[in-house]
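Architecture and fold: a report
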Amino acid sequence: MANFLEIETITKYFNIANGPVKALENINFEVASGELICLLGPSECGKTTLLRIIAGLEKQESGQILLNGQAIDASGPERGMIFQEPRLFPWLTVEENVGFGIKGRYGKKLLQTIGQELLEIVGLSEFAKAWPSQLSGGMAQRAAIARALAADPLILLLDEPFAALDAQTRTKLQTDFLSLWQSTHKTCIHVTHDIDEALILGQRIIVMHPSPGRIKKIIPNPFPYPRCPDDPDFITLKKELRDSFLP
Amino acid sequence: MKASANNEQEKPITLTGAFDKPTYKQILTKLFQGLAIPLCIFVLWEILSSMGWLNLYLVPPPSQIWDRLLTVAGNGLLLKHIGASLYRVVCGFSLALCLALPLGFLLGLLPGVRGFLSPTLSFFQQIPAIAWIPMFILWLGIDEASKIAIIVYSAFFPIFLNTLHGIASTDSKLKEVAYTYGLSRWGLMSRVYFPSAAPSVFIGMRLGLSYCWRSLVAAELLGASKGIGYLIQEGREMAQPDLMLVGVLVIGLIGLSLDFVFRRLEKKFLPWQAKVDTKEVPKWQIS
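Scoring rules and cut-offs
Residue positions within a chain follow its written sequence, with the count starting from 1. Here the convention is simple: chains get letters from A, ligands get numbers from 1, in the order in which they are written. The predicted nature of this model means local features are confined to residues of pLDDT at least 70 and side-chain atom pairs, given and counted, to a pLDDT of 80 or more, with totals for whole chains, interfaces and linings taken over all residues. For side-chain calculations, the full set of non-hydrogen atoms in the structure is used, while hydrogens and water are omitted. Under the DSSP-based scheme used, a helix requires at least four consecutive residues in state H or I and a strand at least two consecutive residues in state E, with every element numbered from the N terminus. Exposure is judged per residue with a 1.4 Å probe applied to protein chains only, and the accessible area is read against the type maximum: over 50% gives exposed, under 20% gives buried, and values in between give partly exposed. A contact between two residues is defined here by any heavy atoms of the two lying within 4.5 Å. Here the accessible surface of atoms and residues is derived via Shrake-Rupley with a 1.4 Å probe, and residues count as covered only by protein chains that are part of the display. UniProt positions are given in the numbering used here, feature names are shortened, and annotations may be inferred rather than shown by experiment. Strands are labelled as partners when DSSP assigns at least two bridges between them. Only the stretch in contact is used when fitting a helix axis, every axis being a line fitted to C-alpha atoms; angles between N-to-C directions are given from 0 to 180 degrees. A quick way to say it: buried area is the sum, across both parts, of accessible area lost when two parts are put together, with a 1.4 Å probe. Here a salt bridge means any side-chain nitrogen of Lys or Arg lying within 4 Å of a carboxyl oxygen belonging to Asp or Glu. Counting of polar contacts relies on pairs of N or O atoms within 3.5 Å, with two restrictions inside protein: one atom must be capable of donating a hydrogen and the other of accepting it, and residues adjacent in sequence are counted only when both atoms are side-chain atoms. Any angle that is under 35 degrees is reported as roughly parallel, and any over 145 degrees as roughly antiparallel; angles of 65 to 115 degrees are reported as roughly perpendicular and all others as oblique. Note on convention: near helix rotated counterclockwise from far helix by under a right angle means a left-handed crossing. Clockwise means right-handed. Gly counts as polar in this scheme, as do all residues outside two lists: the nonpolar Ala, Val, Leu, Ile, Met, Phe, Trp, Tyr, Cys and Pro, and the charged Asp, Glu, Lys and Arg.

Scanning chain B from N- to C-terminus turns up twelve helices and zero strands. Ordered by position from the N terminus, the helices and strands of chain B form the series α-α-α-α-α-α-α-α-α-α-α-α. Counting only residues that meet the buried cut, chain B has 39% of its 287 residues in that class. Sequence-distant contacts in chain B: of pairs separated by 6 or more residues, those separated by 24 or more amount to 72%. As displayed, chain B offers around 16700 Å² of accessible surface, 70% of which is attributable to carbon and sulfur atoms.

Here it is in structure tokens:
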């Protein structure tokens, strides 16, 4: 498969009181079209920063990001970002939130149809007219996923989207997210600090390491879906991942 | 949007966008609750008066006030004075809106300018509108202009400050979402900043309206030929405490009605706020 997204020698500094601190050092990897990548690492390893650079929300000091061979330096509709919090607009209904990014691109009727379809996919069609404050955490995150999908992005960037949910909701959303990915074949970069989540979701797991943030290992995870993290097949892989978390 | 994940179970889930409308019974209960204390006071007051425990000149009984109210309402005098006062409020409040809203938006969006204007505005904010009355009369004459200027002055600050605060406190996380969808500058303002500031703007307008209603009466007490404040002044000059009390009660009632109208407007324009409103903060806490 041709390289669809290329991350080339990304280095990033943060300015704090004592001077610049290196947040990311020489990050290199490629992502194929349709691939589901997990960026795994402990906190402060720069995984979220890296995702935000890919999303165009932060600027790197050096290196570049190529999407289909084109360098990108700002945010764009072809990259859909899903944050840790749902970040729904409280003054818009669920349906209007889903249509937020494509409003003006389509007519009102079509916008509504797209909204309905996407809410159907994420299992929220009954809540189209509800306010975000009426949704539970898991439902709000589903709505956020629908909103990101509405713009029909080439890549979905997910920043620990299930980390704030309770265990059952998280498992349910992981399963639903997998089937969504399998049916849409969007390229996904999924940031997580949860080894089990990376095992369940990632085709490849990129393990990052802190101070400065760098890639420690890229581990292929060829097991078929659906996966269970307690499967004996995973024991070696899990151990490898856990060890790679150590300094 | 704070982490709403924790209360997964507690949240009641309704399928319609609108929050549940109050039933007839709920409305009646609310009405009863609101009227209970004033009614008790009036009844007690009337009983005390009829038993001769109150000085009838200093504290005329409710029945006498009511009679006076019917008289001034019947001969059209009351309506004329209310009309005059309301006209001033409408003019002054609209003018204040025209000044405070754009300035609030502008300063909310441009933190750089804020540093230049804030100290000066804070200085003026500390001066009660009433303190300006003599100067305004000197500059603008005893007619309408000086009274409207006082209203503008008192309504300006709550509207301006709440608008400024509403814009400046727009959630940067939501701004980021808008940015990832590549919204234009205008799109960001109209689709993120404005709706986000709207509840704050409404609070400012409600406060502004109540401030200007109060200072208007003060202005009318000092020099006017019509208006509720003048009505009270007239009661004083003719030694009619019941007329003075009619004026006082009417001021309260109109203020209450104006606030009620504004709250209804708020519910209509900000339906998503309904949830917040059920935890109603008593108004005296906000102001």
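The next point concerns the UniProt feature "transmembrane region" (unreviewed entry) in chain B. Residue and element names in this part refer to chain B. When the UniProt feature table is mapped onto this chain, "transmembrane region" (unreviewed entry) is found at residues 31-54, 86-110, 122-142, 148-167, 188-209 and 243-262. The annotated region residues 31-54 carries 83% helix and 0% strand content, and the separation between its end C-alpha atoms amounts to 30 Å. Along residues 86-110, the helical share is 96% and the strand share 0%, with 35 Å between the first and last C-alpha atoms.

Residues and elements named next belong to chain A. Overall, antiparallel pairing links the four strands, which are arranged β2-β1-β4-β5 in an open sheet. A strand with exactly one partner marks an edge of an open sheet, and here the two such strands are β2 (19-32) and β5 (70-71). Contacting β1 (3-16), β2 and β4 (62-67), helix α1 (residues 47-55) crosses the sheet at an angle of about 120 degrees to β1.

Each strand in a sheet pairs with its neighbour through backbone hydrogen bonds, running either in the same direction (parallel) or in the opposite one (antiparallel). All names here are of chain A. Pairing is mixed across the open sheet formed by six strands, whose spatial order is β6-β7-β8-β3-β9-β10. The sheet is open, and its two borders are formed by β6 (79-82) and β10 (214-220), each paired with just one other strand. Averaged over all pairs of adjacent strands, the angle between their axes in this sheet comes to 20 degrees, without regard to strand direction. Where strand β3 (residues 36-40) and strand β8 (residues 187-192) come together, five bridges link them in parallel fashion. Counterpart to C38 in the pairing with β8 is H190. Helix α7 (residues 234-245) contacts β3, β9 (204-209) and β10 of the sheet and is inclined by roughly 180 degrees relative to β10.

Bringing the interface of chain A and chain B into the picture now. With 38 residues of chain A at the contact, the number on the chain B side is 28 residues. Summed over both sides, the interface of chain A with chain B buries roughly 3200 Å², with 61% coming from carbon and sulfur. When the buried surface of chain A facing chain B is broken down by residue, A:W91, A:F100 and A:Q134 rank first, second and third, together holding 23% of it. The tally of links from chain A across to chain B stands at three salt bridges. Across the pair B:E176 and A:R52 runs a salt bridge whose closest N-O atoms are separated by 2.6 Å. Between the two partners, chain A and chain B, sit eight residue pairs in polar contact (both at pLDDT 80 or more). By residue number, the principal contributor to the side of chain A that touches chain B is helix α4 (residues 137-150) of chain A, which donates five residues.

What follows is about the packing of helix α6 (residues 144-168) of chain B against helix α8 (residues 185-222) of chain B. Residues and elements named next belong to chain B. Following both chains from N to C, one finds α6 and α8 inclined at 160 degrees, their axes separated by 7 Å at the closest point. In terms of their interaxial angle, α6 and α8 are classed as roughly antiparallel. Considering how the two elements wind past one another, α6 and α8 form a crossing that is right-handed. Here the contact of α6 with α8 is composed, by residue class, of 17 nonpolar, ten polar and two charged.

Mapped onto the present numbering, the UniProt feature "domain: ABC transporter" (unreviewed entry) falls on residues 5-235 of chain A. Helix makes up 30% of residues 5-235 of chain A and strand 29%, whereas the separation of the span's terminal C-alpha atoms amounts to 31 Å.

If you walk through the whole model with that rule in mind, you get 25 salt bridges over all chains. A:R79 is paired through a salt bridge with A:E78; the nearest N and O atoms lie 2.9 Å apart. Note on A:R79: relative accessible area 5%, which makes it buried. Assessed through its relative accessible area of 22%, A:E78 is described here as partly exposed. In this structure, A:R87 and B:E176 form a salt bridge, with 2.8 Å as the shortest nitrogen-oxygen distance. Of the two residues, A:R87 is situated in the loop between β6 and α2 (94-98) and B:E176 in helix α7 (residues 172-180); the pairing between them involves two chains. You can call A:R87 buried: its relative accessible area is 8%. A relative accessible area of 17% places B:E176 in the buried class.

Further remarks concern the UniProt feature "domain: ABC transmembrane type-1" (unreviewed entry) in chain B. Here, the residues flagged by UniProt with the feature "domain: ABC transmembrane type-1" (unreviewed entry) are residues 82-262 of chain B. Spanning residues 82-262 of chain B, this segment combines 88% helix with 0% strand, and its end C-alpha atoms are found 19 Å apart.

On to the pairing of β3(A). All names here are of chain A. Counting buried positions along β3 yields five of five residues, so the element is predominantly enclosed. Here β3 shows a buried face lined by L36, C38 and L40 and a second buried face lined by I37 and L39. Strand direction decides the pairing type here: β3 and β9, joined by four bridges, are parallel. Each residue of the ladder has a partner; that of I37, found in β9, is R204.

Right, let's talk about the packing of helix α3 (residues 77-109) of chain B against α8(B) for a bit. Residue and element names in this part refer to chain B. Two numbers describe how α3 lies on α8: the axes approach to 9 Å, and their chain directions differ by 145 degrees. In this structure, α3 crosses over α8, and the sense of that crossing is right-handed. Here α3 contributes S85, L86, R88, V89, F93, L97, L101, F105 and L109 to the contact with α8, which in turn contributes M189, Y193, F194, V201, M205, G208, L209, C212, W213, L216 and E220. Its residues assigned to classes, the contact of α3 with α8 comprises 16 nonpolar, two polar and two charged.

Next up on the list: the environment of B:S196. Of note, B:S196 is situated in helix α8. Between the alpha carbons of B:S196 and B:I148 there is a distance of 31 Å; along the sequence they are 48 residues apart. In contact with B:S196, not counting residues within four places along its chain, are A:W91, B:G166 and B:T170.

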